[in-house]
Amino acid sequence: MPCENISAAVLYPGSGRDLRVEDRNIWGPNPTEVQIAVAATGLCGSDLHYYAHGRNGDFMVKQPIVLGHEAAGVITAVGTQVLSGIQVGDRVAIEAGIYCRQCSFCEKGRYNLCKSMKFCSSASVLPHFDGTLRERMNHPAFVVHPLPDGCSFEQASLAEPLSVLLHASRRAELSAGQTVLVFGAGTIGLLACALAKARGASKIVVVDINPTRLEFAKHYGFASETFCLPPPSPPSAAEAASSASSCCSHGRQSRPPPTPQQLSAEQKKQLDDQMRRTKDNVAGILEHFGHRDGFDLVYECTGAEPVIQMSVFAAATGGTVMLIGMGARNVTLPLSSAACREVDILGSFRYCNTYPEALALLASGELENVERLITHRFPLSETKRAFDMMMRGVDDEGNMVLKVMVGSGRAC
């Protein structure tokens, strides 16, 4: 194929917010690739960090990069060596991670841990790996997934965050009859609620500091009950020391906190008092939900240190805490409470082997009201306005912002 011009939303290095929609060249796909006209891209929190700050934790934007990694579109060209049966005109979802298929993790089927992973819209490698906020893109055929009938492009874009929950829920062994508590009523937390409901959880509740999001969760049936935490207060000196230099959620910490030996007696006492207050607060939450003994499975979707601590206390004896939110690299945890009650604390990173199941779920209608998570839509030409709105958290009319979709309008 000859070189053609396309539009792309490109973030430039700096302190943030320097995003320009500009022309770029695209060639035909390599032999093992397909070319995709991108129809819809969901904006993610990691994209927002790059846009707002010019970095995502330790990963700084050092050259122009196209953001976006939750996407779907239409095949416009197929490489000469693609044998998967994909054809021009097929509707597909784009899995953002390209793994090596040769390392021990890939061979074991845990390719999300591949050390050679290239991930769309990530500044973790140089040159940066461009994302999906463009009219067309070339992508390896082995990480492109056909859409089932009845699955829209926007629904297919939700397959990426839903995959995060599918992978986490496999690790946590989510099953019918369990009681589930979710900390965080953003897109990931609400998808956790939806998946737990589809899997037959006996009770699903959600906790957040945003009453509007909690009202949304209950109104649309994502959770049967909710609890609104008070806004966080400024940290004490000990708490500030414990979480020194922590970056925004999804980010990383630039230096480790002091060890217990480095804390003064007063700081240690303050930390002990803070942990007792956290335990007491959780007791009030559990009392509110009528589950004094805790919940079988707790999804922690905020990455905030106090909430991670709450999650341990909120889990039932023999229960599980699934850590999904990305926050400070080092946190103080009530490990004795977890160990003595055999509470399993599990981590989860991205996903693997989830896309077919995610797309089938989205097409099936089992995830009740999942399309309600998409609250706003913008054309590619207004990507900067979409990010600015996400930064505010509300639109010009004061309405809540959850998942924002950006479409090129060229694939439909």
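Numbers given for residues are sequential positions, taken from 1 along each chain in its written order. Confidence filtering applies because this is a predicted model: local features only for residues at pLDDT of at least 70, side-chain atom pairs given and counted only at 80 or more, and all residues used for totals across whole chains, interfaces and linings. No hydrogens and no water enter the side-chain calculation; it runs on all heavy atoms of the structure.

### A short note on the overall build of the protein
Turning to step 1, where the next piece is worked out: Numbering goes from the N terminus for both helices and strands, where a helix is a DSSP run of H or I of at least four residues and a strand is a run of E of at least two. Counting its secondary structure elements, the protein contains 12 helices and 20 strands.
Turning to step 2, where the next piece is worked out: The quantity called the radius of gyration is restricted to C-alpha atoms. Its globule counterpart is 2.2 Å times the number of residues to the power 0.38. Over its C-alpha trace the protein gives a radius of gyration of 22 Å, about what one expects of a compact globule, namely 22 Å for 412 residues.
Turning to step 3, where the next piece is worked out: In terms of overall dimensions, the protein has a C-alpha envelope of 70 × 50 × 45 Å along the principal axes.
Turning to step 4, where the next piece is worked out: Classification of residues uses two cut-offs on accessible area relative to the type maximum, computed with a 1.4 Å probe and protein chains only: under 20% is buried, over 50% is exposed, and between them is partly exposed. Here the protein, with 412 residues, has 52% of them falling under the buried criterion.
Turning to step 5, where the next piece is worked out: Counted over contacts in the protein with a minimum sequence separation of 6, partners at least 24 positions apart contribute 72%.
Turning to step 6, where the next piece is worked out: With an accessible surface of roughly 18200 Å², the protein has 50% of that area assigned to carbon and sulfur atoms.
Turning to step 7, where the next piece is worked out: For the purpose of counting charges, residues Lys and Arg are taken to be positive, whereas Asp and Glu are taken to be negative. His and the chain ends are not included. Charge coordinates come from a single atom per side chain, which is NZ of Lys, CZ of Arg, CG of Asp or CD of Glu. Between the mean site of the 38 positive side-chain charges and the mean site of the 41 negative ones, the protein shows a separation of 5 Å. Note on definitions: a residue-residue contact is assigned when non-hydrogen atoms from the two residues lie within 4.5 Å. Each accessible area is a Shrake-Rupley result for a 1.4 Å probe, and residues are judged covered by the shown protein chains and nothing else.

### Let's talk about the environment of M326
Turning to step 1, where the next piece is worked out: With respect to the helices, strands and loops of the structure, M326 is situated in the loop between β17 (315-323) and α10 (335-340).
Turning to step 2, where the next piece is worked out: Placed 224 residues apart in sequence, M326 and Q102 show a C-alpha to C-alpha distance of 28 Å.

### Quick look at the nonpolar core
Turning to step 1, where the next piece is worked out: Put simply, buried Ala, Val, Leu, Ile, Met, Phe, Trp, Tyr and Cys residues joined by side-chain atoms within 4.5 Å make one nonpolar core. The biggest cluster of nonpolar side chains holds 69 residues, and the ones touching the most others in it are V180 and Y299.
Turning to step 2, where the next piece is worked out: One finds L11, L48, I65 and V401 within the second-largest nonpolar core, a separate group that totals 25 residues.

### Regarding the sheet that holds strand β18 (residues 344-347)
Turning to step 1, where the next piece is worked out: Only when DSSP finds a minimum of two bridges between them are two strands counted as paired. Read from one edge of the open sheet, 6 strands run β15-β14-β13-β16-β17-β18, paired in parallel fashion. Strands at the two margins of the open sheet, each flanked by one partner only, are β15 (225-228) and β18. Averaged over neighbouring strand pairs, the angle between their axes works out to 20° when direction is ignored.
Turning to step 2, where the next piece is worked out: Looking at chain direction, β17 and β18 are connected through 4 bridges and run parallel. Helix axes are fitted only over the stretch in contact, all axes being lines through C-alpha atoms; the angle between N-to-C directions runs from 0 to 180 degrees.

### Some details on helix α4 (residues 159-172)
In an α-helix, one turn spans 3.6 residues, which is why side chains three or four residues apart end up on the same side.
Turning to step 1, where the next piece is worked out: Helix span, as expected, comes to 1.5 Å for every residue beyond the first. Spanning 14 residues, α4 covers 19 Å between terminal C-alpha atoms, matching the ideal 20 Å at 1.5 Å per step.
Turning to step 2, where the next piece is worked out: Counted residue by residue, α4 has 12 buried out of 14 residues, so it is predominantly covered.
Turning to step 3, where the next piece is worked out: Within α4, burial applies to A159, E160, P161, L162, S163, V164, L165, L166, H167, A168, S169 and A172.

### Focus: the packing of α4 against helix α5 (residues 187-198)
Turning to step 1, where the next piece is worked out: It is the contact of α4 with α5, at a shortest axis distance of 9 Å, that shows an interaxial angle of 55°. In terms of their interaxial angle, α4 and α5 are classed as oblique. The crossing of α4 and α5 is right-handed. Within the contact between the two elements, α4 uses P161, L162, V164, L165, L166 and S169 and α5 uses I188, L191, A192 and L195.
Turning to step 2, where the next piece is worked out: Note on residue categories: nonpolar means Ala, Val, Leu, Ile, Met, Phe, Trp, Tyr, Cys or Pro, charged means Asp, Glu, Lys or Arg, and polar means any other residue, Gly included. Residue classes in the contact of α4 with α5 are distributed as 9 nonpolar, 1 polar and no charged. Our angle categories are set so that under 35 degrees counts as roughly parallel, over 145 as roughly antiparallel, 65 to 115 as roughly perpendicular, and the remainder as oblique. By convention the crossing between two helices is left-handed if the near helix lies anticlockwise of the far one by an angle smaller than a right angle, and right-handed if it lies clockwise.

### A look at the pattern of salt bridges
Turning to step 1, where the next piece is worked out: Should a side-chain nitrogen of Lys or Arg be within 4 Å of a carboxyl oxygen of Asp or Glu, the pair is scored as a salt bridge. Inspection of the entire model under this criterion finds 14 salt bridges.
Turning to step 2, where the next piece is worked out: The shortest N-O distance in the salt bridge between D388 and R17 comes to 3.1 Å. Of this pair, D388 sits in helix α12 (residues 383-392) while R17 sits in the loop between β1 (4-11) and β2 (19-26), and the two are 371 residues apart along the sequence.
Turning to step 3, where the next piece is worked out: When the shortest N-O distance is used, the salt bridge between K197 and E368 registers 2.8 Å. One end of the pair, K197, is in helix α5; the other, E368, is in the loop between α11 (355-364) and β19 (374-379), with 171 residues separating them in the sequence.
Turning to step 4, where the next piece is worked out: Overall, K197 belongs to the partly exposed group, its relative accessible area being 36%.
Turning to step 5, where the next piece is worked out: For E368, a relative accessible area of 41% puts it in the partly exposed group.
Turning to step 6, where the next piece is worked out: Through salt bridges with shared partners, a single network forms among R170, R199 and E357.

Geometric values such as these leave the question of function open.
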